[in-house]
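Here are the chains, one letter per residue:
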Amino acid sequence: MYRRILMGEHSMKNRQAENYTEPNQAHSHLDFSKDILFVYLHGSIELITKRLETRKGHFMSPSLLQSQFDTLEPPDGTENFMSINIEKTIPEMVTEIGKKLGLNL
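Residues numbered from 1 in each chain as written. Predicted model: local features only at pLDDT ≥ 70, side-chain atom pairs only at ≥ 80, totals over all residues. Heavy atoms only, no water.

**Some points on the overall build of the chain**
Then, in step 1: The helix and strand inventory of the chain stands at six helices and two strands.
Then, in step 2: Out of the 105 residues in the chain, the part that is buried amounts to 16%.
Then, in step 3: Within the chain, counting contacts between residues at least 6 apart in sequence, those at least 24 apart form 61% of the total.
Then, in step 4: Taken as a whole, the chain presents about 8300 Å² of accessible surface, with 56% of it coming from carbon and sulfur. (Helix = DSSP H or I, 4+ residues; strand = E, 2+ residues; numbered from the N terminus. Buried < 20%, exposed > 50% of the residue type's maximum accessible area, 1.4 Å probe, protein only. Contact = heavy atoms within 4.5 Å. Areas by Shrake-Rupley, 256 points an atom, 1.4 Å probe, with all protein chains shown as cover.)

**A few points about the nonpolar core**
Then, in step 1: One finds Leu47, Met82, Ile84, Ile86 and Met93 forming the largest nonpolar core, which totals five residues.
Then, in step 2: Residues within four places of Met82 in sequence aside, it is in contact with Leu37, Phe38, Val39, Tyr40, Ile97, Lys100 and Leu101. (Core = buried A, V, L, I, M, F, W, Y, C linked by side-chain atoms within 4.5 Å.)

**Re a nonpolar patch on the surface**
Then, in step 1: Among the surface-exposed residues, Leu37, Val39, Leu41, Leu101 and Leu103 lie close enough to one another that they form a single nonpolar patch of about 410 Å² accessible area.
Then, in step 2: As for its position among the elements, Leu37 is in the loop between helix 3 (32-35) and strand 1 (38-42).
Then, in step 3: Given the relative accessible area of 33%, Leu37 is considered partly exposed. (Patch = residues over 30% accessible without salt bridge, like charges linked within 9 Å, V, L, I, M, F, W, Y side chains within 5 Å. Salt bridge = Lys/Arg side-chain N within 4 Å of Asp/Glu carboxyl O.)

**So, the side chain of Glu79**
Then, in step 1: Tracing the chain through its elements places Glu79 in the loop between helix 5 (65-71) and strand 2 (81-85).
Then, in step 2: A polar atom in the side chain of Glu79 sits 3.0 Å from the backbone nitrogen of Asp76. (Polar contact = N/O pair within 3.5 Å; in protein donor to acceptor, adjacent residues only side chain to side chain.)

**Section: the confidence of the model for the chain**
Then, in step 1: In the predicted model, the chain carries a mean pLDDT of 78, and 67% of its residues have values of at least 70.
Then, in step 2: Counting interchain partners and residues more than four positions distant, the pLDDT-below-50 stretch residues 10-15 has six contacts. (pLDDT = per-residue confidence, 0-100.)

**Observations regarding the pattern of salt bridges**
Then, in step 1: According to the stated counting rule, one finds two salt bridges in the structure shown.
Then, in step 2: One salt bridge in this structure joins Glu96 and Lys88, with 2.4 Å as the shortest N-O distance.
Then, in step 3: On the basis of relative accessible area, Glu96 is assigned to the buried category, the value being 18%.
Then, in step 4: Notably, a salt bridge pairs Glu96 with Lys100, separated by 3.3 Å at the nearest N-O pair. Pair noted here: Glu96 and Lys100 are both in helix 6 (residues 90-101), with a separation of four residues, about one helical turn.
Then, in step 5: Looking at Lys100, the relative accessible area reads 46%, which means it is partly exposed.

**A look at the pairing of strand 2**
Looking along a regular strand, one sees side chains alternate from face to face of the sheet.
Then, in step 1: Of the two faces of strand 2, only one is covered, namely that formed by Met82 and Ile84; the face formed by Phe81, Ser83 and Asn85 stays uncovered.
Then, in step 2: Judged from the five bridges that link them, strand 1 and strand 2 form a sheet pairing that is parallel. Note that in strand 2 the partner of Leu41 across the bridge is Ile84. (Pairing = 2+ DSSP bridges.)

As structure tokens, then:
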């Protein structure tokens, strides 16, 4: 749901439903499928549980994690995304993201 809103599907459907027209409408909205890049951080439930258990004062109980995995909707081929494995260190992940974006970090 939230991803569809970010990608503009919700607002475009509302415009169509209201028969919304605007001068130069073809150029008045972003092509969200290309303009938004999702960085999908993925890891096993075991790894994330272990990390949650080591956090002090964190708002999320590890007992809630399974429900999060159950409702997780990984990105699909219709979305502009990159997939990053969280088993790496933060500097390694940042470097990988930078390389995929063509940045020299």
